[in-house]
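If you want the building blocks of each chain, they are given just below.
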Amino acid sequence: MPHTSAPTGSCLLSCRGLTSRSKQQVSFKEGLLAPLLASASLFGLYLIIKYLPGISLQTFLDAYFWLIGTVACYGAAKPVLRQVLGSAGRPTFTLQPPEGFLRDEQGNAVGSMQYAPSDIAALVISVGLISVEVLGHHTNFTLNNMVACLVATEILSLVGLRSFKTATLLLGGLLAYDVFWVFGSPKVVGDNVMLTVATSDLVTGPTRLLFPKMPGGTGEAADFPFSLLGLGDIALPGLLAGLALRYDASRMTNMQVRSCKQFTILVSCNKCCNRFVGHMHGFDCTSNQNQASMETACRNHGTTSIPER
């Protein structure tokens, strides 16, 4: 199940990023530093778990996961409820944030924000679901997986890769990161660092997908009740899938433009022929009615540009 969830989840979650207007682009330098920073964070957590077992980070992590989980759940529920609830999904009231508190994609200050009654329902549902998940200490694997997928979806809608060169560097570096910390760390450190952190009770949250384990399992972490899949194994390939989707979408737009130009040439030739035949028979083929028909045909093919008379 975890092996089939990774490619399926990556493809599905990457579609969210296709409709995002603005993204934080991962540069080549950031792709190079990502495996190093991830290694430092992972090994730091391992040292805390190994040598400071009495310290508790869970309260801080619960507050953090509650906040980002609520934002992700609200972002997913808001457009759905606006569509489903009909008239209750239409914006009916306006809120004015403090001046300079919010800015749009162009960096301009947002003066007012419109909300619909369905947005309140989305907020209540989001706060309720995430609160239940956090208060249950992330033990309900269904809620845990739902929140993890929502967080990954939100990440993919905000972050993108700048180029395929960056994607190759990032995924190649993270492959080496995974291989070392899973298979190489027992020989270097004397313990499986990745597995120790992933199965620790000191660090729990929607950072992994959990699947009930079949009884009678053997091997490392045999006493852990779930099979697990790290959220990065879905979100990071999703970045590559999102880049490929945006590349295909850009080529599709170019092909549509080219087809529109070809259609315009055909319309122009047809118009010249009609004008020639019309003049032969004494008709006015340059009337406003014919012009309006041409504009309608061009709009139906994705452009408002028509040949000049």
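These numbers come from a predicted model, not from an experiment. Residues take numbers from 1 onward in each chain, read along the sequence in its written order. Totals for whole chains, interfaces and linings use every residue, but because this is a predicted model, local features are given only for residues with pLDDT of at least 70 and side-chain atom pairs only at 80 or more, for both listing and counting. Heavy atoms throughout the structure, all of them, feed into the side-chain values; hydrogens and water do not.

Asker: Report on the environment of Thr204, specifying residues and quantitative values.
Answerer: Secondary structure counts use DSSP, requiring at least four H or I residues in a row for a helix and at least two E residues in a row for a strand, with both numbered from the N terminus. Its location among the elements puts Thr204 in the loop between helix 7 (193-198) and strand 5 (208-212). Given the relative accessible area of 13%, Thr204 is considered buried. With 66 residues separating them in the primary sequence, Thr204 and His138 have C-alpha atoms 6.9 Å apart. Among residues more than four places away in sequence, those in contact with Thr204 are Gln58, Phe65, His137 and His138. Burial classes follow relative accessibility: with a 1.4 Å probe on protein chains only, a residue under 20% of its type's maximum area counts as buried, one over 50% as exposed, and anything between as partly exposed. Any pair of residues with heavy atoms lying within 4.5 Å of one another is described as a contacting pair.

Asker: Got a sec to walk through the nonpolar core? Specific residues and values, please.
Answerer: Residues enter a nonpolar core if they are buried and are Ala, Val, Leu, Ile, Met, Phe, Trp, Tyr or Cys, with the set joined through side-chain atoms within 4.5 Å. Within the largest apolar cluster, 19 residues are counted, with the highest numbers of intra-cluster contacts made by Leu42, Leu161, Tyr177 and Trp181. Only helix 2 (28-51), helix 3 (58-84), helix 6 (164-188), helix 7 and helix 8 (232-281) provide two or more residues apiece to this core. Residue contributions to this core peak at 5 residues, all from helix 6. Formed by 8 residues, the second largest nonpolar core is a distinct cluster that contains Leu229, Leu231, Ile234 and Ala235.

Asker: Which residues make up the pattern of salt bridges, and what values go with them?
Answerer: The term salt bridge refers to a pairing of a side-chain nitrogen on Lys or Arg with a carboxyl oxygen on Asp or Glu at a separation within 4 Å. In this structure the tally under the stated criterion is 2 salt bridges. One salt bridge connects Asp191 with Lys50, and the closest N-O pair in it is separated by 3.7 Å. Here the residue Asp191 occupies a position in the loop between helix 6 and helix 7, and Lys50 occupies one in helix 2, the gap between them amounting to 141 residues. Here Asp191 falls in the partly exposed class, since its relative accessible area comes to 22%. Residue Lys50 is classed as partly exposed on the basis of its relative accessible area of 44%. Here Asp119 makes a salt bridge to Arg82, at a shortest N to O gap of 2.8 Å. Placement of Asp119 in helix 4 (residues 117-135) and of Arg82 in helix 3 is noted, with a sequence separation of 37 residues between them. Judged by relative accessible area, which is 24%, Arg82 ranks as partly exposed.

Asker: Residue-level account of unusual backbone geometry, with values.
Answerer: Of note in this structure, His137 is not a glycine but carries a positive phi near 60°. Following the sequence through the fold, His137 ends up in the loop between helix 4 and helix 5 (141-158). Accessibility expressed as a relative area gives 55% for His137, which makes it exposed. In this model, His138 sits at a positive phi of 60°, which is unusual for a non-glycine residue. Looking at the element boundaries, His138 is found in the loop between helix 4 and helix 5.

Asker: Describe helix 6, listing the residues and the values that go with them.
Answerer: Note that the bend at a residue is defined as the angle between axes fitted to the seven residues ending at it and the seven residues starting at it. At Trp181, helix 6 shows its largest kink, close to 40°. Thr166, Ala167, Leu170, Gly173, Leu174, Tyr177, Trp181, Gly184 and Ser185 are the residues of helix 6 that are buried. Immediately downstream of helix 6, the backbone of Gly190 shows phi near 95°, a positive value.

Asker: Break down the environment of Ile155 for me, citing the residues and quoting the values.
Answerer: One can find Ile155 in helix 5. The partly exposed category is assigned to Ile155, whose relative accessible area is 39%. With 131 residues separating them along the chain, Ile155 and Gln24 place their C-alpha atoms 10.0 Å apart.

Asker: An account of the packing of aromatic side chains is requested, with residue identities and associated values reported.
Answerer: Each pair of aromatic rings taken from Phe, Tyr and Trp, with Trp reduced to its six-membered ring, is defined by centres within 6.5 Å and is described as stacked if the planes are under 30 degrees apart, edge-to-face if over 60, and tilted in the remaining cases. Per the counting criterion, the structure on display carries 7 aromatic pairs. A ring pair is formed by Phe93 and Tyr115, whose centres lie 6.2 Å apart and whose planes are at 20°; its orientation type is stacked. Here Phe93, found in strand 2 (residues 93-95), pairs with Tyr115, found in strand 3 (residues 113-115); they are 22 residues apart in sequence, far enough to count as distant. By relative accessible area, Phe93 is classed as partly exposed at 30%. Here Phe164 and Tyr247 contribute two aromatic rings whose centre-to-centre distance is 5.9 Å and whose plane-to-plane angle is 85°, an arrangement assigned as edge-to-face. Taken as a pair, Phe164 in helix 6 and Tyr247 in helix 8 lie far apart in primary sequence, 83 residues in all. In this structure Tyr247 comes out as partly exposed when scored by relative accessible area, which is 40%.

Asker: Can you explain the packing of helix 3 against helix 4? Please cite residues and give values.
Answerer: For helices, the fitted line uses only the C-alpha atoms of the stretch in contact; every axis is such a line through C-alpha atoms, and the angle between N-to-C directions lies from 0 to 180 degrees. Remark: helix 3 packs on helix 4, axes separated minimally by 8 Å, with the N-to-C direction vectors making an angle of 145°. The chirality of how helix 3 crosses helix 4 is right-handed. Here helix 3 contributes Asp62, Phe65, Trp66, Gly69, Thr70, Cys73, Tyr74, Ala77, Lys78, Leu81 and Arg82 to the contact with helix 4, which in turn contributes Ser118, Asp119, Ala121, Ala122, Leu123, Ile125, Ser126, Val127, Leu129, Ile130, Ser131 and Val134. Charged residues are taken to be Asp, Glu, Lys and Arg, nonpolar residues to be Ala, Val, Leu, Ile, Met, Phe, Trp, Tyr, Cys and Pro, and polar residues to be all remaining types, Gly included. Taken together, the residues that form the contact of helix 3 with helix 4 break down as 14 nonpolar, 5 polar and 4 charged. A clockwise turn of the near helix away from the far one marks a right-handed crossing, whereas an anticlockwise turn of less than a right angle marks a left-handed crossing.

Asker: Describe in detail the side chain of Asn192, supporting the description with residues and values.
Answerer: Mapped onto the secondary structure, Asn192 falls in the loop between helix 6 and helix 7. By relative accessible area, which is 6% here, Asn192 ends up buried. Among the polar contacts listed, one links the side chain of Asn192 to the backbone nitrogen of Leu195, at a separation of 3.1 Å. Two N or O atoms count as a polar contact when they lie within 3.5 Å, although within protein this holds only if one can serve as hydrogen donor and the other as acceptor, and sequence-adjacent residues are included solely when both atoms are side-chain atoms.

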